[in-house]
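Observations on the three-dimensional arrangement
Residues per chain are reported as follows:
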Amino acid sequence: MSDQTTSGPVLAADGTPLKRSLAKALRLQKLRALALVAPLLLFVLITFIAPIADMLFRSVENQIVSETLPQTVSALADWDPASGEAPGEPVFKALAADLKVAVEAKTHTKLGSRLNYELTGASSLFRKTGRQVKRMDTESGEPLKEAFVDIDKDWGEVPIWQTIKTYSPNYTNGYFLNAVDMQKGPDGAEARPENQQIYMILFGRTLFMSMVITISCIVLGYPVAWILANLPTRTSNLLMILVLLPFWTSLLVRTSAWKVMLQQQGVINDTLVWLGLVADDARLVMINNQFGTIVAMTHILLPFMILPMYSVMQTIQPTYLRAAKSMGATNWTAFWRVYFPQSVPGIGAGSILVFILSIGYYITPEIVGGNTGTFISNRIAYHISSSLNWGLAAALGAILLAVVLLLYYAYDKIVGIDNVKLGG
């Protein structure tokens, strides 16, 4: 009887097998934990993951052509742009039928705006044609090609038809090609004319200036963080208020203040002239260029570098330096060989923070950057708010996101993300 009892399953107090009871308790514990994090998870999904997914979709979505001109797209399937001639009568008949429906739905102007990104003048062509296509008789058997050419001679040329055919698929890589200064041609991807290439220059400028801003923040922020970490607590807390003070002022106000200070008739130039360091007729140009952007953004992002370094430096025991000096090390050797290596995790955390923030800035470069100090984010903002080319803006944003992730991956491989600390 005793052997049977010991060989059977272990039971809980309520008589159920202990293993099943533990599994149920663990399952309930996981559900409670999920319920606690569910609001935050839902918030992240709605405000972060969903916009990124929508951006990635918009960067390749191109259904407006096939949805607005379904018969025309089908009729164009057998037309070869290399022939050098506009398509035949069946295509024009299909176009007339599609445009009549599109004009009623008022979608022909949207189609024209989309194709205008690829071929200048397409928007006005569709708007002009839409006003007259209602009067066309598509059932009389009269040639419609001549009627369209009479409306606008561009209908008798190859470029507009080639553009319609090229962008007829529901999904396209055209936005990404435009984002890297290329375009879709008859034979595939090809480079844009040199006078139209701008985005690769902006990407390079953005990365270069973000790196310069990060380095300048390290150079200016490290001494400040060291002083704050080595002063008595009461004094360092008082000085920390000065570091945090810029956060109490609007970003727009701070940027505008730099515009006032850096201009040729501004405070800095006036001071240099008063000191005799600069001639009155040779005032320095420090605004509407890269210098102005770097100065203003360094000032704005400096606290984001100081705070991580300060929190790490607080954890470094001063006894380490005293021990190094007691063994014969000079002040510089003790700092470089003992103190600095322990502060590197704070530099890494601050660098990642400042670099990623600077890449996405657009208000400050817009105000003080001029033509040579703007970032790729300024172009993204332009396409979202002014040109309404959301597909190109999404492609530029996707590339920028990929660059940031790639740099983050490289940093992890070279330095190690585990070595980045915010203190503790």
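Read on for a plain summary of the structure. (Residues numbered from 1 in each chain as written. Predicted model: local features only at pLDDT ≥ 70, side-chain atom pairs only at ≥ 80, totals over all residues. Heavy atoms only, no water.)

Looking at the overall build of the protein chain
Looking only at helices and strands, one finds 20 helices and 2 strands in the protein chain. With the C-alpha coordinates of the protein chain rotated into their principal frame, the extents come out at 105 × 100 × 35 Å. Buried positions account for 36% of the 424 residues belonging to the protein chain. (Helix = DSSP H or I, 4+ residues; strand = E, 2+ residues; numbered from the N terminus. Buried < 20%, exposed > 50% of the residue type's maximum accessible area, 1.4 Å probe, protein only.)

Digging into helix H7 (residues 122–132)
Spacing of three or four residues puts side chains on the same side of an α-helix, whose turn is 3.6 residues. Within the sequence span of H7, burial applies to Ala122, Ser123, Leu125, Phe126, Thr129 and Gly130. Mapping the buried residues of H7 onto a view down its axis gives an arc of 160°, with all of them on the same face. Elements in contact with the buried residues of H7: helix H5 (89–105), helix H6 (108–116), helix H8 (144–151) and helix H9 (158–166). (Arc of directions from axis to C-beta. Contact = heavy atoms within 4.5 Å.)

Brief notes about the packing of helix H11 (residues 199–230) against helix H20 (residues 390–414)
Two elements in contact, H11 and H20, have axes separated by 12 Å at closest approach and are oriented at 35°. For the element pair H11 and H20, the recorded crossing hand is right-handed. The segment H11 lies against H20, with Tyr199, Phe203 and Leu207 engaging Leu392, Leu396, Ile399, Leu400, Val403 and Leu407. When the residues that make up the contact of H11 with H20 are grouped by side-chain class, the tally is 9 nonpolar, no polar and no charged. (Axes fitted to C-alpha atoms, helices over the stretch in contact; angles between N-to-C directions. Left-handed = near helix turned anticlockwise from the far one by under 90°. Nonpolar A, V, L, I, M, F, W, Y, C, P; charged D, E, K, R; others polar.)

Concerning the pairing of strand S2 (residues 188–191)
Looking down a regular strand, the side chains alternate between one sheet face and the other. As paired elements, strand S1 (residues 182–185) and S2 share 4 bridges and run antiparallel to each other. Of the residues in S2, the one forming a bridge with Gly185 is Gly188. The turn linking S1 back onto S2 is made up of 2 residues. (Pairing = 2+ DSSP bridges.)

Topic: the side chain of Thr206
The topology assignment puts Thr206 in helix H11. Among the polar contacts listed, one links the side chain of Thr206 to the backbone nitrogen of Ile376, at a separation of 2.9 Å. Every residue in contact with Thr206, bar those within four places of it in the chain, is listed here: Ile359, Phe375 and Ile376. (Polar contact = N/O pair within 3.5 Å; in protein donor to acceptor, adjacent residues only side chain to side chain.)

Let's talk about the pattern of salt bridges
Inspection of every chain in the model, using the stated rule, returns 6 salt bridges. For the salt bridge of Asp154 with Lys153, the shortest nitrogen-to-oxygen distance reads 4.0 Å. As a salt-bridge pair, Asp270 and Arg283 come within 2.7 Å of each other at their nearest N and O atoms. Residue Asp270 is located in helix H14 (residues 267–275), and its partner Arg283 is located in the loop between H14 and helix H15 (290–313); the two are separated by 13 residues in the primary sequence. (Salt bridge = Lys/Arg side-chain N within 4 Å of Asp/Glu carboxyl O.)

Some details on the environment of Pro308
Among the structural elements, Pro308 can be located in helix H15. Note: C-alpha distance between Pro308 and Thr68 (240 residues apart in sequence) is 54 Å.

Considerations on the packing of aromatic side chains
Counted by the stated rule, this structure contains 14 aromatic pairs. Centroid distance Tyr222 to Phe335: 6.1 Å. Interplanar angle 85°. Geometry classified as edge-to-face. Here Tyr222 is found in helix H11, whereas its partner Phe335 is found in helix H17 (residues 331–359), with 113 residues between them in sequence. When the centroid spacing of 5.9 Å and the interplanar angle of 25° are considered together, the rings of Phe335 and Tyr339 count as stacked. Taken as a pair, Phe335 and Tyr339 lie in helix H17 at a separation of 4 residues, close to a single helical turn. Residue class for Phe335 comes out partly exposed when judged on its relative accessible area of 22%. A connected cluster of aromatic rings, assembled from ring pairs, spans Tyr222, Trp332, Phe335, Trp336, Tyr339 and Phe340. The side chain of Lys184 reaches across the aromatic face of Tyr167, ending 5.4 Å from its centre. (Phe/Tyr/Trp six-rings, centres within 6.5 Å; stacked < 30°, edge-to-face > 60°. Lys NZ or Arg CZ within 6 Å of the ring centre and 35° of its normal.)

Thoughts on H11
Compared with an ideal rise of 1.5 Å per residue, which puts 32 residues at 46 Å, H11 spans 46 Å between its outermost C-alpha atoms and is within 8% of the ideal. At Gly221, H11 shows its largest kink, close to 35°, and the proline Pro223 lies no more than four residues downstream. (Expected span 1.5 Å × (residues − 1). Bend = angle between axes of the 7 residues up to and from the residue.)

Observations concerning the packing of helix H2 (residues 18–58) against H20
When two helices pack together, their arrangement is given by the angle between their axes and by how far apart the axes lie. Look at H2 against H20: their axes get within 7 Å of each other, and the N-to-C directions meet at 120°. It follows from the interaxial angle that H2 and H20 lie oblique. Crossing of H2 against H20: the hand is left-handed. Here Ile52, Met55, Leu56 and Arg58 of H2 come into contact with H20, specifically with Trp390, Gly391, Ala394, Gly397, Ala398 and Leu401. Residues that form the contact of H2 with H20 fall into these classes: 7 nonpolar, 2 polar and 1 charged. (Parallel < 35°, antiparallel > 145°, perpendicular 65-115°, else oblique.)

Things to note about the environment of Ala296
Secondary-structure assignment places Ala296 in helix H15. Ala296 sits in the buried class, given a relative accessible area of 0%. Separated by 29 residues in sequence, Ala296 and Val267 have C-alpha atoms that sit 15 Å apart. If we ignore the near neighbours within four places in the chain, the residues touching Ala296 are Trp258, Thr364 and Val368.

Here we look at unusual backbone geometry
In this model, Lys106 sits at a positive phi of 60°, which is unusual for a non-glycine residue. Among the structural elements, Lys106 can be located in the loop between H5 and H6. Here the phi dihedral of Leu388 falls at roughly 60°; this positive angle occurs in a residue that is not glycine.

A closer look at the side chain of Arg283
The class for Arg283 is buried, based on a relative accessible area of 14%. Only 2.8 Å separates the side chain of Arg283 from the backbone oxygen of Gln264, close enough to count as a polar contact. A distance of 3.0 Å separates the side chain of Arg283 from the side chain of Asp280, its partner in a polar contact. Beyond its immediate stretch of four places on either side in the chain, Arg283 contacts Gln264, Gln265, Asn269, Asp270, Val273 and Val278.

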